[in-house]
Structure formats: structure tokens, C-alpha cells
Amino acid sequence: MSTVVELQEQQNQSQKRPAAPDIVKASVTRLQPYVPGKPIEEVKRELGLAPDFPIIKLASNENVLGPSPLAVEAMRQAAEETWLYPDDTCFELKNALSRFWDLSPEHFIVGNGSDEVIHFLMLSLLDRGDEVVFAQPSFVQYKATAMMADCAYTAVPLTPDMRHDLPAMRAAINERTKLVFIANPNNPTGTIVTRQELEAFLSDLPPRVVVVLDQAYYEYVEAKDVYPEGIHYVREGYNVVVLQTFSKAYALAGLRCGYGIARPELIGYLQQVRGPFNVNTLAQAAAIASLGDEQQVPRAQEVNAAGKRQLGQAFDAMKLHYVPTEANFILVDCGRDASQIYLELMKRGVIVRSFAPAQLPTWLRVTIGTEAMNQRFISSLREVLADA
Ligand SMILES: *Cc1c(COP(=O)(O)O)cnc(C)c1O
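Residues numbered from 1 in each chain as written. Predicted model: local features only at pLDDT ≥ 70, side-chain atom pairs only at ≥ 80, totals over all residues. Heavy atoms only, no water.

## Here's the deal with the layout of surface pockets
Its volume calculated, the second largest pocket comes out at about 170 Å³. In terms of lining residues, the second largest pocket is bounded by Lys-25, Ser-27, Val-28, Met-122, Leu-123, Leu-126, Asp-127, Arg-128, Met-148, Ala-149 and Asp-150. Only helix H2 (26-29) and helix H6 (114-125) provide two or more residues apiece to the lining of the second largest pocket. For the lining of the second largest pocket, the residue count by class is six nonpolar, one polar and four charged. (1 Å grid on protein atoms, 1.4 Å probe; cavity = no way out; pocket = protein on both sides within 12 Å on 5 of 7 lines; lining within 4 Å. Points joined across faces, edges and corners; volume = space filled by probe spheres on them. Helix = DSSP H or I, 4+ residues; strand = E, 2+ residues; numbered from the N terminus. Nonpolar A, V, L, I, M, F, W, Y, C, P; charged D, E, K, R; others polar.)

Structure follows, in C-alpha cells:
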């Protein structure tokens, strides 16, 4: 009897022991946790603000107009079905995507957010010894992906006007390079790679390099005359994977649904590493309904274009430098320590995004909101800059 108890205690103790670095993969010990834009409730808790204190979140590039009413209704109906596992193959959603993009369903893989598709790319393509190339600053997940796979990476600085330097990225590619990430538009700068630039880059790549065109902000691009549509390069048979998401213009960030588009052979390999039932029932229903709502994207585009002008004019008036954007956010240079301004804005109920001091010490990224939200951000920023 007593020996059994002793044994259990010993086991409990050994489970309580903290994970020693030597049992964890070295690649994991080096990872830095992702720091998301702060949720509204967390800000209220941290600053001791009253529960009804009005806070606006312009930190994560969500679409402040919210989801399509058709998507909300589809979720209501699908709610009754949630005792069943979701459709593992996303059959209907892939058919809807197939009609939407005019490509066969075999060209699509759906993920729990496009982040998960990036994970599939890592699991199916990256062996130790392979290398990854991406821009800096760009979406932080690219670096994390390379690190998780224990792969070397080259982070190629943007040009002084905050655009991808594709010739420099080409020069960073060697015989070990497997994946290249290009966010187009780029996050956090909102800049795009042009058709001419991309085609020069793609025309001269070693055959084993897969180029990921992350088009999370695709719907917001206004410079259609020079913007390269990723899908065109998939059709032409390039080693390109296009990423799209329902998190931004479709305003379904809370559901986690995104997808990859590539030639079917490549999609087949990504499918091999996809866990079962990765896309939930509500996400599938809402995504299908959103694709069928012809007003969702135009409405987002219209409000965004107006907000872009509004913020641009305000920054001009305040003599603040900002990066012309093709997305639903703007990167603005406050001309002094931005982490301080970020905190002061937060105290005034406005959550935006600041960055690692090593990268963009004086810049803030603000999501473009409604006219009223933008106005509140601008008045708060004026106040903070005048105080300092
Ligand atoms: C927001 C964002 C995504 C979308 O991620 P999800 O996982 O689909 O929500 C992907 N790439 C970039 C560059 C983004 O900014």
C-alpha cells in the first residue's frame, strides 16, 4: 500500500519538474512567443479602466465593419450541427472557392487561418539544412516558421522606402533555399511588389524554390494596374503558393479560416501533413456564405479608401511621415520613441501596434477604422504628441 503511494508521489514530483532545456528541441528553446495586438478586455484589466470605458482596437488589421450578415446567419444555422465533427475535406468550401477563383477544387487547401497553411508548408517542405528567405520587417510568422523547422534563414531588409528588395532577396537565395515568403501587400508597411518586379524575380529562380505569396490584404489593394495577382502565377505553373484569408476583409478573424492555392501536386503534399478536422463547422459555413455576399468586400474597400485619405490628410497636417499603403493599415513615423506613445494612446482607449525597438523604434501601425474611430485615434495622437 505505502509503496504504491510513494510511487505515485515520486511520479507527481517528476511531472512537476520544469522542462529542462535538454529535453526540449534546441530550435524550440530559441523561439520567442508571438505578441498579438492586445485584446480590449486585457487593456481594461491592465489599466484598471471601467468596464464601460469605450476602447477601440486598431491593432490587428481586423475589418471593423464586421462580418457579412449572411455569414452570421449561416453560423446560426450551423450552430445546431456542432455536435458533429466538421467536414474534414471542406468539400463545399473548396467548391465555393473553385467557383470563386475559377480553378479546380484540387488547387486549394484550407487551414485554421492561413497561419496553419504556413505550418503545413513548414512540415511538408522544410528539412533541416534547408533555408528560408523573407523580408524584414515583414510578417513575424515567417521567421518563426524557419526557426521551428530548425532552418537557417535570411531576413532581407526592405528598401529605404519600405518596399521588398527583390534583387537583394534573389541574391540571398542559394542552393539550400527552399522557401521564400513575400507578403503582398506587406505587413507592417502596406507596400506592394509590382508585377514587373515579381516577374523578374520568378523568371530566374532555382527550380526547388517555392515562393509563398501571402495575400492576406489582397482585397484592399487599390493599385490594380501594377499589382500581380498571385493566382495568375499558379495558373502559369510556377512553384508558387498563394495564401488568402477570411480574417481581414471578410471580417472572420475569430473563426480562423484561411487557404492556400497552388498546383494540385503541391497541394497534395500539403494535405499529407494536415491534421483531421482542422477547419471547424462554423468557419466553413461562414466562409461559404461570405464568398456569396457580393457586398462584403466592396463595403470594406470603400470605407478603407475613405479612411486612408482621412488618416493621410491628418498625418500631413501633423507633419508626420507615413508609408503609402495598399492595405487596411498605415505605418506612421511619430518621430520619437513609439512605445511611449503606444502606452499613452492605450490610456486614452486607443489600441494600436508598436514594434520591437530594434526594428521600427519610432513607428506605429494603425488599422484603418470607421471615420469616427479614425477621428478618435487622430485626436488622441495629437493630444499625446502635444503633451510629450
Ligand atoms: C493577418 C495576416 C495573415 C492572416 O492570418 P490568419 O491566420 O489567416 O488569420 C497572414 N499573413 C499576414 C501577412 C497577415 O498580416
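## Examining the site of the ligand
Every one of the 13 residues lining the ligand counts as a neighbour, but Asp-214, Tyr-217, Thr-245, Ser-247 and Lys-248 are closest to it. Interatomic distance of 2.7 Å between a backbone N/O atom of Ser-114 and an oxygen atom of the ligand. Side-chain polar atom of Thr-245 to an oxygen atom of the ligand: 2.6 Å apart, as the coordinates give it. For the ligand, whose accessible area on its own is 390 Å², the fraction buried by protein is 93%. Partitioned by chemical class, the residues of the shell around the ligand number four nonpolar, five polar and four charged. (Near = heavy atom within 4 Å. Polar contact = N/O pair within 3.5 Å; in protein donor to acceptor, adjacent residues only side chain to side chain. Areas by Shrake-Rupley, 256 points an atom, 1.4 Å probe, with all protein chains shown as cover.)

## Considering the packing of aromatic side chains
Applying the stated criterion to the full structure yields 14 aromatic pairs. Aromatic side chains Phe-100 and Trp-101 sit 5.4 Å apart centroid to centroid with 75° between the ring planes, which places their arrangement in the edge-to-face category. Taking the relative accessible area as the measure of exposure, Phe-100 reaches 40% and is therefore partly exposed. When the ring of Tyr-142 is compared with that of Phe-181, the centres are 4.4 Å apart and the planes differ by 5°; the resulting orientation is stacked. With Tyr-142 in helix H7 (residues 141-148) and Phe-181 in strand S5 (residues 177-183), the pair connects residues that are 39 residues apart, well separated along the chain. What makes Tyr-142 buried here is its relative accessible area of 0%. Relative accessible area serves as the criterion here: at 0%, Phe-181 is assigned to the buried category. One aromatic cluster is present, built from ring pairs that chain together Phe-100, Trp-101, Tyr-218 and Tyr-227. (Phe/Tyr/Trp six-rings, centres within 6.5 Å; stacked < 30°, edge-to-face > 60°. Buried < 20%, exposed > 50% of the residue type's maximum accessible area, 1.4 Å probe, protein only.)

## Observations regarding the nonpolar core
One finds Ile-182, Phe-201, Val-211 and Phe-246 to be the most contacted residues of the largest nonpolar core, which totals 60 residues. For this core, the element with the highest residue contribution is helix H12 (residues 281-291), accounting for six residues. Built from parts of two domains, this core gets at least three residues from each of domain 1 (40-65 + 296-387) and domain 2 (69-292). When sequence neighbours within four positions are dropped, the list of residues in contact with Ile-182 reads His-164, Leu-166, Met-169, Val-193, Leu-198, Phe-201, Val-211, Val-212, Leu-213 and Asp-214. Among the nonpolar cores identified, the runner-up in size contains 30 residues, and Val-43, Ile-341, Met-346 and Ile-378 belong to it. (Core = buried A, V, L, I, M, F, W, Y, C linked by side-chain atoms within 4.5 Å. Domains from an automatic or database assignment. Contact = heavy atoms within 4.5 Å.)

## Considering the sheet that holds strand S10 (residues 329-333)
One open sheet holds the three strands; their spatial order is S9-S10-S12, and the pairing between them is antiparallel. A strand with exactly one partner marks an edge of an open sheet, and here the two such strands are strand S9 (321-322) and strand S12 (363-367). When S10 meets S12, the two strands line up antiparallel, connected through five bridges. Looking across to S12, one finds that Asp-333 is bridged to Trp-363. (Pairing = 2+ DSSP bridges.)

## A word on the domain arrangement of the chain
The accessible area lost on association of the parts is a frequent measure of interface size. When its domains are assigned, the chain resolves into domain 1 (40-65 + 296-387) and domain 2 (69-292). Taking the mean C-alpha position of each, domain 1 and domain 2 sit 26 Å from one another. Across the boundary between the two partners, domain 1 contributes 25 residues, which contact 23 residues of domain 2. Between domain 1 and domain 2, the buried area comes to about 2,000 Å², and carbon and sulfur atoms account for 60% of it. Here domain 1 and domain 2 share ten residue pairs in polar contact (both at pLDDT 80 or more) between them. Listing elements by their share of the side of domain 1 that touches domain 2, those giving two or more residues are helix H13 (296-317), S10 and S12. (Buried area = accessible area lost by both parts, 1.4 Å probe.)

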